[in-house]
Structures are given as C-alpha cells and as structure tokens.
Amino acid sequence: MDPDPVASRVACTHLRKVIRAARKLGLSNINTFVGRDWTKTVEANWPRFLKTWKPLVAFAEDHDIRIGIENCPMLFTRDEWPGGKNLMTTPVIWRRAFADIPATHFGLNYDPSHFVLQHMDPISPLREFRSKLFHLHAKDVKLRRDRMNEVGVFAAPLEWHQPRIPGYGEMDWSKFMSALMETGYRGPICIEVEDDTFGPTLAGRKEALKVARNVLKPYFT
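Model, not experiment: these values are computed from the prediction.

A. Up close: a positive patch on the surface. On the surface, Lys206, Lys210, Arg213 and Lys217 cluster together into a patch of positive charge. In this fold, Lys217 is placed in the segment after helix 7 (202-216).

See below:
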C-alpha cells in the first residue's frame, strides 16, 4: 500500500492481472507483499489493508489462486524507517490478518531468514501457521556483530546484516527442516540467491545455487 492512492490502484490492477495469468498458466500460487505506509503504525494502516486486500483475496479465490505473502520487513535503509514497507512481518500481525480475512487462499510465502534478521526464532511460527505455508524461501543471513557493536541494532540493517545462501549464515538448517517436515509441508522450497559473495555474474549465481542445493539435499528423499 503505497501512500499514493494512484500507485495503490495500479498495484492492485497489476496483481489481478498476475492472478489471471497464473490461472491461465495452470498455476496454483502467486507470491507478493502487503505494503504499508511506513510512516504510520500497524493500527493506522489496518483499515486500508482490509479495504485493499479483502477484494483482492476474494478475486484470487474466484480464480482458485492462493496468495502467499512474504514476511520480509522491507526495512533496510533510512527511507523505509521506521515501519518498513511490508505489513505482514510477524506472527501477531498474521493472526490478526488471517482472522480478519479468513480465506483459505490467503497465506504465507515464508522466508526464515527474515525472522533471523528480526532476532526472532525462525522455527517458532511453523506449527501454528502450518495451514498457511504456501511457499518457502531458502535463504540465510549473516548478522555482522562486529558492525553491530559499532553502529547498534537500531542502525539501518544494511549496515550490519548480509544475505547468504543456506548453510553460510546463522540458520540451523537441520533443525529448521526437521520442524518444517513435521508440519506436513511438502510444497516448493525456492533457493533465493542474494549472496554477493558469489559475485553478480550469472555464473556466480549458478554456483551459489549449486552450493545451496548441496546444503539442502540431505533433507530431501
């Protein structure tokens, strides 16, 4: 939800096009964010969230497409301070959102690294929200405590965190994958490469995918 109402209408129109396209392609899911006015509280954003998303979710249900909302805070730089540009970032917000929009086609694109970024346990939400896990990102994050000791946790996160591929950051993937399998989730797990240590080239990105695959391979039969 951009503060600009014109931009908001354009975004909603685009999302409806994506839903129609997904249906025509024979897909079952799409992923996106629930934006917010980052200068206002969650409470102040809530009426607009409901006004915008109730019809979008109903539209998705009519087309039998599930919408997964990623839990990225979208708060990495000073121009996204203080609230970030994504509303659905934590379990307390998810519970309220799913209670107010109780639709089977409205769920999560869950990225555990965003919980690590927020100094939260990435395993803790899995059991409660098992029915809302539509899609998962496999991404890790390195918390640069040397930088955090210099600038503090309230500095813009880009100053002290670094996206990594699975196995190269803070995550315990053995524990996470074990807990995930216990939920019964058998959907896609998409390796997300934002790890600049492999370089910006296509070859570097392919190498990152191979390394991440090898880290995750033992957890799949």
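B. The arrangement of the nonpolar core in detail. With 51 residues, the main nonpolar core has Phe49, Trp53, Met88, Phe106 and Phe176 as its most contacted residues. With eight residues, the top contributor of residues to this core is helix 2 (residues 42-62). Ignoring anything within four residues of it in the chain, the contact list for Trp53 reads Leu15, Thr32, Phe33, Val34, Ile67, Ile69, Ile101 and Phe106. Core analysis: the second largest hydrophobic core is formed by five residues, Ile165, Phe198, Ala208 and Val211 among them.

C. Up close: the sheet that holds strand 1 (residues 29-32). One open sheet holds the five strands; their spatial order is 1-2-3-4-7, and the pairing between them is parallel. Bordering the open sheet on either side are strand 1 and strand 7 (189-191), each of which pairs with just one other strand. Averaged over neighbouring strand pairs, the angle between their axes works out to 30° when direction is ignored. Across four bridges, the pairing between strand 1 and strand 2 (residues 66-70) is parallel. Bridge pairing in strand 2 links Ile30 to Ile67. Packed on one face of the sheet, helix 6 (residues 173-182) meets strand 3 (106-110), strand 4 (133-138) and strand 7 and runs near 165° to strand 4.

D. Structural view of the side chain of Asp195. On the secondary structure map, Asp195 appears in the loop between strand 7 and helix 7. Within polar-contact distance, the side chain of Asp195 engages the side chain of Thr197 at 2.5 Å.

E. Broad picture of the pattern of salt bridges. Within the structure shown, the criterion is met by 14 salt bridges. The partner of Asp111 in a salt bridge is Lys139, and the shortest N-O contact between them spans 3.7 Å. With Asp111 in the loop between strand 3 and helix 4 (113-117) and Lys139 in the loop between strand 4 and strand 5 (140-143), the pair connects residues that are 28 residues apart, well separated along the chain. The residues Asp111 and Lys139 share a single accessibility class, namely buried. In this structure, Arg145 engages Glu170 in a salt bridge whose closest nitrogen and oxygen atoms are separated by 3.4 Å. In this pair, Arg145 sits in helix 5 (residues 145-151) while Glu170 sits in the loop between strand 6 (161-164) and helix 6, placing the two residues 25 residues apart along the sequence. The partly exposed category is assigned to Arg145, whose relative accessible area is 46%.

F. Expanded view of the side chain of Ser113. With respect to the secondary-structure elements, Ser113 resides in helix 4. By relative accessible area, which is 2% here, Ser113 ends up buried. In contact with Ser113, other than residues within four places in its own chain, are Lys139, Asp140 and Val141.

G. Looking closely at the layout of surface pockets. Each pocket or cavity is described by its volume, and for the largest pocket that value is around 400 Å³. Forming the walls of the largest pocket are 20 residues, and the residues nearest its centre are Pro73, Leu75, Pro82, Gln118 and Pro157. Of the residues contributing to the lining of the largest pocket, the split by class is 12 nonpolar, seven polar and one charged. Approximately 320 Å³ is the volume attributed to the second largest pocket. Residue lining of the second largest pocket: 20 residues in total, with Ala11, Thr32, Phe33, Gly35 and Trp53 positioned closest to the centre. Among the elements of the structure, helix 1 (5-24), strand 1 and helix 2 are those that each provide at least two residues to the lining of the second largest pocket. For the lining of the second largest pocket, the leading source of residues is helix 1, giving seven residues. A class-by-class count of the residues in the lining of the second largest pocket yields 12 nonpolar, six polar and two charged.

Rules used throughout
Residues numbered from 1 in each chain as written. Predicted model: local features only at pLDDT ≥ 70, side-chain atom pairs only at ≥ 80, totals over all residues. Heavy atoms only, no water. Patch = residues over 30% accessible without salt bridge, like charges linked within 9 Å, V, L, I, M, F, W, Y side chains within 5 Å. Areas by Shrake-Rupley, 256 points an atom, 1.4 Å probe, with all protein chains shown as cover. Salt bridge = Lys/Arg side-chain N within 4 Å of Asp/Glu carboxyl O. Lys, Arg positive; Asp, Glu negative; His and termini not counted. Charge placed at Lys NZ, Arg CZ, Asp CG, Glu CD. Helix = DSSP H or I, 4+ residues; strand = E, 2+ residues; numbered from the N terminus. Core = buried A, V, L, I, M, F, W, Y, C linked by side-chain atoms within 4.5 Å. Buried < 20%, exposed > 50% of the residue type's maximum accessible area, 1.4 Å probe, protein only. Contact = heavy atoms within 4.5 Å. Pairing = 2+ DSSP bridges. Axes fitted to C-alpha atoms, helices over the stretch in contact; angles between N-to-C directions. Polar contact = N/O pair within 3.5 Å; in protein donor to acceptor, adjacent residues only side chain to side chain. 1 Å grid on protein atoms, 1.4 Å probe; cavity = no way out; pocket = protein on both sides within 12 Å on 5 of 7 lines; lining within 4 Å. Points joined across faces, edges and corners; volume = space filled by probe spheres on them. Nonpolar A, V, L, I, M, F, W, Y, C, P; charged D, E, K, R; others polar.

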